[in-house]
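Results of the structural survey
Chain by chain, the residues run as shown.
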Amino acid sequence: MNKLVVEVVDASDLMPKDGEGSASPFVEVEFDEQQHRTETKHKDLNPCWNEKLVFNINNPRDLPHKTIEVLVYNHNDRKGGNHKNFLGRVRLSGASIPLSESQASVERFPLEKRGLFSNIRGEIGLRCYAVHDDTAPPPPQPEDYSPTATAEHPHEDTPLQEINTNMVDEESVVGDGEKKKKKMKKKEKEVRTFHSIPAAAPAAKAFPAVETQRRVDFAKAGPPNVMLMQIPKQNPEYALVETSPPLAARLRYRVGDKISTTYDLVEQMHYLYVNVVKARDLPVMDISGSLDPYVEVKLGNYKGLTKHLEKNQNPVWKQIFAFSKERLQSNLLEVTVKDKDIGKDDFVGRVTFDLTEVPLRVPPDSPLAPQWYRLEDKKGQKIMNNGEIMLAVWMGTQADESFPEAWHSDAHNISHSNLANTRSKVYFSPKLYYLRVQVIEAQDLVPSEKGRAPDTVVRVQLGSQMRFTRPSQIRSTNPVWNDELMFVAAEPLEDFIIVTVEEKLGGPNLEILGREIIYVRSVPPRHETSKLPDSRWFNLRRPSAVGEEETEKKKEKFSSKIHLRVCREDGYHVLDESTHFSSDLQPSSKHLRKKNIGILELGILSARNLLPMKGKEGRTTDAYCVVKYGNKWVRTRTLLDTLSPRWNEQYTWEVYDPCTVITIGVFDNHHVNGSSDARDQRIGKVRIRLSTLETDRVYTHFYPLLVLQHNGLKKNGELHLAVRFTCTAWVNMVAQYGRPLLPKMHYVQPIPVRHIDWLRHQAMQIVAARLSRAEPPLRREAVEYMLDVDYHMWSLRRSKANFHRIMSLLSGVTAVCKWFADICTWRNPITTCLVHVLFLILVCYPELILPTIFLYLFVIGIWNYRFRPRQPPHMDARLSQAESVHPDELDEEFDSFPTTRPSDIVRMRYDRLRSVAGRVQAVVGDLATQGERAQAILSWRDSRATSIFIIFSLIWAVFIYITPFQVVAILVGLYMLRHPRFRSKMPSVPVNFFKRLPSKSDMLI
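By convention here, each chain's residues receive numbers from 1 onward along its written sequence. In view of the model being predicted, local features appear only for residues whose pLDDT reaches at least 70, and side-chain atom pairs are presented and counted only at 80 or more, with totals across whole chains, interfaces and linings using the full set of residues. Excluding hydrogens and water, the side-chain values take into account all heavy atoms of the structure.

**Overview of the side chain of Arg-127**
Filter applied, for reference: Elements are defined by DSSP. Helices are runs of H or I of four residues or more, strands are runs of E of two residues or more, and each kind is numbered from the N terminus. To sort residues, take the accessible area from a 1.4 Å probe on protein chains only and compare it with the maximum for the residue type: under 20% means buried, over 50% means exposed, and anything in between is partly exposed. Side-chain atoms alone can form a polar contact between residues adjacent in sequence; in general such a contact is a pair of N or O atoms within 3.5 Å, and within protein one must be able to donate a hydrogen while the other accepts it. Only heavy atoms enter the contact rule, under which two residues are in contact if any of them lie within 4.5 Å.
As for its position among the elements, Arg-127 is in strand E8 (residues 123–132). For Arg-127, a relative accessible area of 14% translates into the label buried. A distance of 3.1 Å separates a polar side-chain atom of Arg-127 from the backbone oxygen of Glu-101. If we skip the residues at most four places from it in the chain, Arg-127 touches Val-5, Val-6, Glu-7, Glu-101, Ala-104, Ser-105 and Val-106.

Have a look at this one:
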């Protein structure tokens, strides 16, 4: 059987609790409904136990989801019983437990508080590990064992301890029914559980197997507390891990001196830089009198090569090489000039450097000036006619401006053509605009058959975007559409708007009646709520027949016309990502944008435990990160063939709205070998909402990289990030919370709902296409994954998640209703009496109602401050319903649109959707029934019910008029809060009356 061993080593600096400046501490450990305790150390604030507590692990697979709770108590014998005072606690996740004793080490944990008013201090040393014990020896029995002696001397140093599990903790919260439980405890037989610590020596005798039973009813949680935030638990494997890396942003607060570098959110990584600029007067090596020179930079086993230049004795390379200091294998740097040849390359000359004499450069120092070095032969002698090479060699960090463009030693096997795919770059999304095209009417259309009234539509095309108007209601040569279409245009606005009038001839046959082409740059802009530009009449040109000459076109004096209003909307924000986690909410026009309120700094430190994505190719993972915030995209350099990459790159963004989200994605590069058809594979994604970050605080965590695949949820590793949000304008940031989320135009003239999703998709496609044309390209699959292109598609898993979100919101309302029901049923008489007193005070002094409500909200907020999130939010697998999703639901979610699955699977999914829709339909029908019953009260559908209600309303009106309102309120309140002795289990009269009212459900076919 598997065992969990918790070795309680010692504790230090505990809080005195006995009133004499000391304490008698002991430790209780709870795991999986098992409880063990150590001996009591009398009068010792720095106790040392060195005891091992052993627990059974029923299912080793569930260990990462379990919690080990270590409680430290003070034994208080002054009250004549086995009382205890709380000294602190520690909670350990089962996911952090080593699986062998050799991997375990003593760790010290600070003791945590249990309540807001707990006064706790000190720390405890623990050593935890799991072992597999097939031959578990029975617990030893001491020769002088006596239950009576054990009960009389509970604090003696014996391996056998007694725990009275019926004793309720002194500082635990007493619920509504605790008084009844205390009365019953006197009548109950005490249940005593004995636990033993296995001894090193073999046992002579063993206890008989006795089945014990523990009372745990006092530890059960009651109904949800209205004042506490209900935070769902999640798998510890998918949780954040807080870290403390040696960052300059943290170290400077300790030493009182700011480190002179802009890279204060990443660990400094030192590199040896070699700048190969050019060479001159190189000797001729070939018989033909030519020279094809290139430079080889060698440091240990790492070797970098420049491009070879054909027939050039004065070549210019301008290439920079960077060697990581952590991987330096030699103290000698060799820079060799060689001649490219068909067989073996010829040696031209070389220069050597001793690394101990290389200077150190720290920005903002100016770049190191390169110098001329005379080439030496193989023996190390300088020859006059052997030429010279211009070099610069220095030691620097990743803050050096040469870092992004340098050839790195970890990419030594990458060709020069593919090297660009591994470098870090910054990209900017194109500026997007909405384009509004209002098609009003046309005149003098000429159909192919004279005398026939054409059935016409208008097709408007902008690049790859194509929209159609509704068919004209008037079938004539002067049709009227009055339809509005919207498109997405991107700078530099070089596209054309093609407006085509088409006639439907039946079936798929169409005839073009005219066409007009409008240059996008000539479209007038519209700022905010200014008046729309005037509409214009445009000439429609018929598509010329084959062989028609240009001169004939110029002779045309008559043409059909179309009435259009075209404008470029600069006051909107073009939505290229979901509004729920958008990173930019600024309008398109630069003149309408507000000033920034702060700065966001992100340090991409490293990753760990990445899964090998290229296992079939004999490689591990070539990982790089992509970050998107606002219109600025960042791509880190690719670290080749490693499962623990260390980027240590830092980037900065201006923040205009704190209620935005930054997205960080990790990908596996499949283009390091020049493959153009391969797609970069996604490893995981992280989102961080800026409004959840405290200002000027550095957050350093390992974020889980979770990806939902066809076979379920998969954790591909963890990403180490450092985040800091700095506010530069506090007044503007506070005022931002009172402003609309989107620009003014979205509320003054909202975009039609039927256009929003289509426009968002088109904006995503434009951004993806534009970034994929950069050099090096930001691949389309990476951009689409960062922008969540398929977020709007149907997903049963996501529907379940949204349903559970709604139910969690309603749980708060349910908790309030349960609390009110408990008050009305006098479950806790003291609380009910207090509510009566409060109710009478508020009725007598109604001016206190609103202050009381807002004061209560203030108290709830202060109370919840204890439970505020200490870590930034991240992807929640349990909230997303991704941990227990059915494989068929995942297959449906990843299916293409339209579907490509067999007909029997589609039929099964359709039947399942019908079943779900049937339940939704029933719920909607019930809601409609209740609403129709409310309408039927005064609609005389049931004349008797309406008569009863209006007569009763008249009586109540007279009664309330002649009776003071406070008296009426007191009578109603006391009736609602009456004692259960005066209540009936049958429904009340108003409920019965309402349920008897008619609805329209009986009118449905």
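There's plenty left to go through after this.
**Examining the packing of helix H10 (residues 829–844) against helix H15 (residues 965–976)**
Using the following cut-off: Fitted lines through C-alpha atoms give the axes, limited to the stretch in contact for helices. The angle between two N-to-C directions lies from 0 to 180 degrees. Roughly parallel refers to an angle under 35 degrees, roughly antiparallel to one over 145, roughly perpendicular to one between 65 and 115, and oblique to any angle outside these ranges. By definition, any crossing whose near helix is turned counterclockwise from its far helix by less than a right angle is left-handed, and any crossing with a clockwise turn is right-handed. Three classes are used, and their members are as follows: Ala, Val, Leu, Ile, Met, Phe, Trp, Tyr, Cys and Pro are nonpolar, Asp, Glu, Lys and Arg are charged, and the others, Gly among them, are polar.
Two numbers describe how H10 lies on H15: the axes approach to 9 Å, and their chain directions differ by 165 degrees. Taken together, H10 and H15 sit at an angle that is classed as roughly antiparallel. Considering how the two elements wind past one another, H10 and H15 form a crossing that is right-handed. Across from His-836, Phe-839, Leu-840, Val-843 and Cys-844 in H10, the residues of H15 making contact are Gln-966, Ala-969, Ile-970, Gly-973 and Leu-974. The residue inventory of the contact of H10 with H15, partitioned by class, reads seven nonpolar, three polar and no charged.

**Quick look at a nonpolar patch on the surface**
Threshold: The residues that make up patches have over 30% relative accessible area and no salt bridge, and they are joined within 9 Å when like-charged or within 5 Å when they are Val, Leu, Ile, Met, Phe, Trp or Tyr. Calculation of accessible area relied on Shrake-Rupley with a 1.4 Å probe; when residues are assessed, cover is drawn exclusively from the protein chains displayed. We define a salt bridge as a contact between a side-chain nitrogen of Lys or Arg and a carboxyl oxygen of Asp or Glu at a distance within 4 Å.
Taken together, Trp-819, Phe-820, Phe-952, Trp-956, Phe-959, Ile-960, Val-967, Leu-971, Val-972, Tyr-975 and Met-976 make up a surface patch of nonpolar side chains, about 1000 Å² in accessible area. Looking at the nonpolar patch, the elements with two or more residues in it are helix H9 (796–824), helix H14 (943–962) and H15. Examining the composition of the nonpolar patch, we find that five residues originate from one element, H15, more than from any other. Among the structural elements, Ile-960 can be located in helix H14. The partly exposed category is assigned to Ile-960, whose relative accessible area is 37%.

**Digging into the sheet that holds strand E20 (residues 407–408)**
Applied cut-off: We call two strands paired when DSSP finds no fewer than two bridges between them.
Pairing is mixed across the open sheet formed by five strands, whose spatial order is E18-E19-E12-E15-E20. In this open sheet, the two edge strands, each paired with only one partner strand, are strand E18 (371–374) and E20. As paired strands, strand E12 (residues 270–280) and strand E15 (residues 316–324) are joined by seven bridges and run antiparallel to one another. Following the sheet pairing, Leu-272 is matched in E15 by Phe-323.

**Describing the side chain of Asp-888**
Relative to the assigned elements, Asp-888 resides in helix H12 (residues 887–893). Those residues within four positions of Asp-888 in sequence are excluded, and the remaining contacts are Ile-905, Met-908, Arg-909 and Arg-912.

**So, the pattern of salt bridges**
Applying the stated rule across the entire model yields 54 salt bridges. When the shortest N-O distance is used, the salt bridge between Glu-296 and Lys-338 registers 3.4 Å. Of this pair, Glu-296 sits in strand E13 (residues 293–299) while Lys-338 sits in strand E16 (residues 332–339), and the two are 42 residues apart along the sequence. Classification of Glu-296 as buried rests on a relative accessible area of 10%. Two residues, Asp-483 and Arg-754, come together in a salt bridge whose shortest N-O distance is 3.8 Å. Placement of the pair is Asp-483 in strand E25 (residues 480–490) and Arg-754 in helix H7 (residues 753–771), with a sequence separation of 271 residues. The class of Asp-483 is buried, set by a relative accessible area of 4%. Taken together, the shared-partner salt bridges in this structure form one network comprising Asp-888, Asp-891, Glu-892, Asp-895, Arg-901, Arg-909 and Arg-912.

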